[in-house]
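A look at the structure
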Amino acid sequence: MLPGATVGLLFGVWLFQQQPHLWSLSAWLGWLAALILIGWLAYGNQVIAARHIPYQHTFRKLFIIVLIAALGFAWAQLRAWDRLQTQLPSDCEQQVIAVQGVIVSVPERDARGQHVDFAVERSFTADCPMPKRVRLHLYHQSYRGESAKPSSVLPTLQAGERWQWSVRLKRPHATRNPHGFDYAAWCLSNNIGASGAIVSKTPMLRLQRLVWKPSALIAHWRAAVGNRIEKVLGTTPQSAVLRALVIGDDSRIARADWQLFVDTGINHLISISGLHITMLASMGYLLTGWAWRLRPRLALRIPSRLAAGVGGALVAIAYSALAGFSIPTERTLLMLLTMIVMLSLKQRLPFSWVLSAAVWVVLVVDPWAVMAPGFWLSFGAVAILAFAMSGRLRPARWWQSALQTQWVITLAFVPVLILLFNQLSLISPLANGLAIPIVSLAIVPLAIAGAILPLDFLLHLSATLWEWCAHGLHWLRQLPGAVCYLSTPPIWAWLLAMAGMLVWLMPRGWPLRWAGLLLWLPLLLPTQVALQPGQMRVTVLDVGQGLSVLVQTAHHTMLYDAGPAYNEESDAGQRIVLPYLRHLGVSHLDAVVISHDDNDHSGGMASVLAGVSVDNFLSSLTPASDFFKQIQTLPNPPVLRPQPCYQGQQWQWDNISFRMLSPEKNTDTDLKDNDKSCVLQVKSPHGSLLLTGDIEKEAERRLLASEPDQLATTVMTMPHHGSKTSSTIGFVNATKPAIAIATVGYLNRFGHPKPEVISRYQAIETTILRSDNDGAILIDFLSGQAPVVKRWRQIEPHYWEL
């Protein structure tokens, strides 16, 4: 019955995490009445019980499962309500607040500044209660790359220190896009109630260099271990990987190296993973059991099996502490400790009960675990291996078992990885077969020993082993067809593929076992509704303070801008645009347009071009632009044939016309860069789109002079995100958009869109949409003259959103 009850708990907790808002008291009372009625029918009605109605026993079991699902739902809501109460009040956002607290993470450092997790002990603003934990940034550079304050003047933050300073905070807010990462959900599960900047212009006082609190001491220990690795190995790719494997800090790993790990399917091995914790706990279990049996007197007092379990548990706890007890590590640790306890009991229990108990412990402690792919991958891997390996008549040899394990996991997770990541690494079995034993059995133990003990040669040996392993991974990735990308399958196709996987995992001799793989074929079917000539679909992505628009016709695709670069290792192209393209199954772009040379428009394009092929590249960039230098730093830089955009360019795809309205072909050299933006008009039989980049008053004046009767449009992106330097009254009246979209960041420092600009559009009854409020905006021009508009925050609302 425990496995069935676990299914009920899983469903209840998962169902709550899909809710758009917390349930009201009246909704709960209604559900309580329904449960009482069902319970009375199952157990309390003596008339029904006396008649021995068929399937009554099954009905009672189903009632227990439903009851447990309801309790799981209620528990998840209670925890969510409690955690949401600790977030920063909305009235306190962007206020300068003096706080005191402790740095409880290993500081991350990049070109823009330093980034830490801060445990707040005290707020000096009485009417602004502070969350227990916030994410803070001490910037050396501003958003545009200028120096905010000389880094020599700013202090170097260290783990475990107590500070008093002023901060300017925001509530957790995510960019919302189809198949995108939800930062607000991540903050909720990690108990981070706000994020923001340390105000460097106010006094920053270091009150104590090391605070004697567990979280501070663990963070200080982790930082010391990480610093030792860098001191011995220097700032190298090997030291970055070893830091990730030993202390769980993967912030130093270069983007190109991460792409290698993803392409070869070994990214689960990098950083402290469940596999490493399990491997080290197993080593601790075996060594403790062996040492215990050498002392017969000890074995007589305490069974060696119990002592071995304690030894394995202590190793797992110590390694998890090195990872800072991060949320994924805590889940793995809870799962492992529960299984150790269950397996140490004198009574032998079915493995399904052991696994179910671990699920209960994890979900009771962390009901947000069901939102993490790692939760499903970890428990799914254990369950699949138990299902595939159990009930065999003859045990396999160790090498056969290892090969079978890798083969089973690789094939069983194909549908899951396609659903979650749109990726299928065909070299993953070989790459994991190479990396798992080297990393888990050799590199991790050697690196930990070398980092904690004064034995430098162990660190050098582990770095050498990793270097050899990386060379092998690079060679594998060069093989033809190593990685392929598939669009996100519909849920029915995914369920069919999972059923086929279970059929394939049946023991040898099961009828038509290999036919189960045929049920994977629907995964290859196109998932998007095909457009007809004359129709187009426009997606204005939510990239924060920036712009990125995807235009799709029946047989062609164009990308206009790709959002900002956030830092050296992260940008909107990598995090938002490219995942969305792969979600759609788009691997080729017929045209790319970069409106102008501003980070919030061009910063993410290099990452996009590294992941898809492109036919035509239009922009207003000069050959000296930093974008072209950025392209050359890519591992495999694409071959581009840049063309300048200029007024009069036009082409037609699938009965959709594209026409460039600005800039003029011979642009004035003294014209502001914003006014050089490529302004593109897209016309279909069912409406038109005007993409304006960051044009300001001068470019608008020239457009009114040269194209006065051609500017009217159905949908328009607000020039320069709704800045007061754009959207003049004449331009607004000439374009007469039915819908105007402001692509802006949440509480952006520029104040976009400006109220006076909004009022100009409202004066002509234009519908205003904002990416910070609406998320990605999907616009279908399919029939008639009115487009169909969908706002992603309305399509997928979540209770943790503002």
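Residues numbered from 1 in each chain as written. Predicted model: local features only at pLDDT ≥ 70, side-chain atom pairs only at ≥ 80, totals over all residues. Heavy atoms only, no water.

Turning next to empty space enclosed by the protein. Where empty space is left becomes clear once a probe the size of a water molecule has been rolled over the atoms. All chains considered together, the criterion is met by one cavity of 30 Å³ or more. A volume near 110 Å³ is recorded for the largest cavity. In this structure, the largest cavity is lined by Gln 647, Leu 661, Ser 662, Pro 663, Glu 664, Thr 667, Leu 671, Asp 675, Ala 699, Arg 702, Leu 703 and Ser 706. Looking at the lining of the largest cavity, the elements with two or more residues in it are strand E19 (656–662) and helix H24 (697–706). Here the element with the most residues in the lining of the largest cavity is H24; it accounts for four residues. (1 Å grid on protein atoms, 1.4 Å probe; cavity = no way out; pocket = protein on both sides within 12 Å on 5 of 7 lines; lining within 4 Å. Points joined across faces, edges and corners; volume = space filled by probe spheres on them. Helix = DSSP H or I, 4+ residues; strand = E, 2+ residues; numbered from the N terminus.)

As a further point, take the state of the cysteines. Throughout this description, disulfide means a covalent bond between two cysteine sulfur atoms. The final tally for this structure, using the stated rule, is two disulfides. Covalent S-S linkage joins Cys 92 and Cys 128, the inter-sulfur distance amounting to 2.1 Å. The sign of the S-S torsion, about -100°, decides the handedness of the disulfide formed by Cys 92 and Cys 128: left-handed. Here the residue Cys 92 occupies a position in the loop between helix H4 (56–85) and strand E1 (96–103), and Cys 128 occupies one in the loop between strand E3 (113–123) and strand E4 (133–139), the gap between them amounting to 36 residues. You can call Cys 128 buried: its relative accessible area is 1%. Each disulfide pairs two cysteine sulfurs, and for Cys 645 the partner residue is Cys 678, the sulfurs being separated by 1.9 Å. (Disulfide = S-S within 2.5 Å. Buried < 20%, exposed > 50% of the residue type's maximum accessible area, 1.4 Å probe, protein only.)

A cis geometry characterises the amide bond from Ser 662 onward to Pro 663, with omega recorded as 5°. Going from His 752 to Pro 753, the amide bond is cis rather than trans, its omega being -10°. Tracing the chain through its elements places Pro 753 in the loop between strand E23 (739–742) and helix H26 (755–763). The phi torsion at Asn 422 lies on the positive side, around 55°, for a residue other than glycine. Among the structural elements, Asn 422 can be located in the loop between helix H16 (414–421) and strand E8 (423–425).

Across the sheet, eight strands lie side by side as E17-E16-E15-E12-E11-E10-E25-E26; this open sheet has mixed pairing. Two strands in the sheet have a free side with no partner beyond their single neighbour: strand E17 (642–644) and strand E26 (788–791). Recorded for the sheet is a direction-independent mean angle of 20° between the axes of neighbouring strands. Lying on the sheet, helix H20 (residues 572–584) is in contact with strand E10 (536–540), strand E11 (549–552), strand E12 (557–560), strand E15 (588–594) and strand E25 (777–781); it crosses E11 at an angle near 20°. (Pairing = 2+ DSSP bridges. Axes fitted to C-alpha atoms, helices over the stretch in contact; angles between N-to-C directions. Contact = heavy atoms within 4.5 Å.)

Turning our attention to the packing of aromatic side chains. Tallied over the full model, the rule gives 21 aromatic pairs. When the centroid spacing of 5.4 Å and the interplanar angle of 85° are considered together, the rings of Phe 16 and Phe 73 count as edge-to-face. Taken together, the residues Phe 16 in helix H1 (residues 2–17) and Phe 73 in helix H4 connect sequence positions 57 residues apart. A single burial state applies to Phe 16 and to Phe 73, both of which are buried. Aromatic side chains Phe 627 and Phe 628 sit 5.4 Å apart centroid to centroid with 75° between the ring planes, which places their arrangement in the edge-to-face category. The pair formed by Phe 627 and Phe 628 is uniform in burial state, with each residue classed as buried. By the ring-pair criterion, three or more aromatic residues cluster together here, those being Phe 16, Trp 23, Trp 28, Trp 31, Phe 73, Tyr 799 and Trp 800. We note Arg 582 situated over the ring of Tyr 485; from NZ or CZ to the ring centre the distance is 3.7 Å. (Phe/Tyr/Trp six-rings, centres within 6.5 Å; stacked < 30°, edge-to-face > 60°. Lys NZ or Arg CZ within 6 Å of the ring centre and 35° of its normal.)

Here H1 is 16 residues long and its end C-alpha atoms lie 23 Å apart, about the 22 Å a rise of 1.5 Å per residue gives. Those residues of H1 lying buried are Ala 5, Thr 6, Gly 8, Leu 9, Leu 10, Gly 12, Val 13, Phe 16 and Gln 17. (Expected span 1.5 Å × (residues − 1).)

With that settled, consider the confidence of the model for the chain. In low-pLDDT segments, the atomic positions of the prediction should not be examined closely. Here the chain shows a mean pLDDT of 87. Residues at 70 or above account for 94%. Residue range residues 143–147 is modelled with pLDDT below 50. Its contacts to residues more than four positions away, or to other chains, number 14 contacts. (pLDDT = per-residue confidence, 0-100.)

Time to look at the pairing of strand E18 (residues 650–653). Where burial is concerned, the two faces of E18 differ: the one with Trp 651 and Trp 653 is buried and the one with Gln 650 and Gln 652 is not. Linking two consecutive strands that pair antiparallel, namely E18 and E19, is a turn of two residues; a positive phi of about 50° is found at Asp 654 within it.

Take the sheet that holds strand E22 (residues 715–717) next. As summarised here, the arrangement of the seven strands in space is E18-E19-E20-E21-E22-E23-E24, forming an open sheet in which the pairing is mixed. The strands lining the two open edges of the sheet, one partner per strand, are E18 and strand E24 (767–770). Pairs of neighbouring strands in the sheet enclose a mean axial angle of 20°, with direction left out of account. Pairing between strand E20 (residues 679–684) and strand E21 (residues 687–691): five bridges, direction antiparallel. Of the residues in E21, the one forming a bridge with Leu 680 is Leu 691.

Counting through the fold element by element, Ala 223 comes out in helix H6 (residues 214–233). Setting aside its immediate chain neighbours within four residues, Ala 223 contacts Val 106 and Ala 159.

A few words now on the side chain of Thr 539. As for its position among the elements, Thr 539 is in strand E10. A polar contact of 3.0 Å, which involves the side chain of Thr 539, links it to the side chain of Tyr 580. Beyond its immediate chain neighbours, meaning those up to four positions away, Thr 539 contacts Ser 548, Val 549, Leu 550, Tyr 580, Ile 777 and Leu 778. (Polar contact = N/O pair within 3.5 Å; in protein donor to acceptor, adjacent residues only side chain to side chain.)

Below, the discussion takes up the pattern of salt bridges. In this structure the tally under the stated criterion is 25 salt bridges. A salt bridge links Arg 770 to Asp 772, with the shortest nitrogen-to-oxygen separation between them at 2.7 Å. A residue is classified by how much of its surface remains accessible, and Arg 770, at 24% relative accessible area, is partly exposed. The residue Arg 791 makes a salt bridge to Asp 774 at a minimum N-O spacing of 3.5 Å. Residue Arg 791 is located in strand E26, and its partner Asp 774 is located in helix H27 (residues 771–774); the two are separated by 17 residues in the primary sequence. (Salt bridge = Lys/Arg side-chain N within 4 Å of Asp/Glu carboxyl O.)

Looking now at the side chain of Gln 100. Inspection of the secondary structure assignment puts Gln 100 in strand E1. Residue class for Gln 100 comes out buried when judged on its relative accessible area of 16%. Discounting residues that sit within four places of it in the chain, Gln 100 has contacts with Phe 118, Ala 119, Val 120, Glu 121, Arg 122, Phe 124, Arg 162, Trp 163, Gln 164 and Leu 207.

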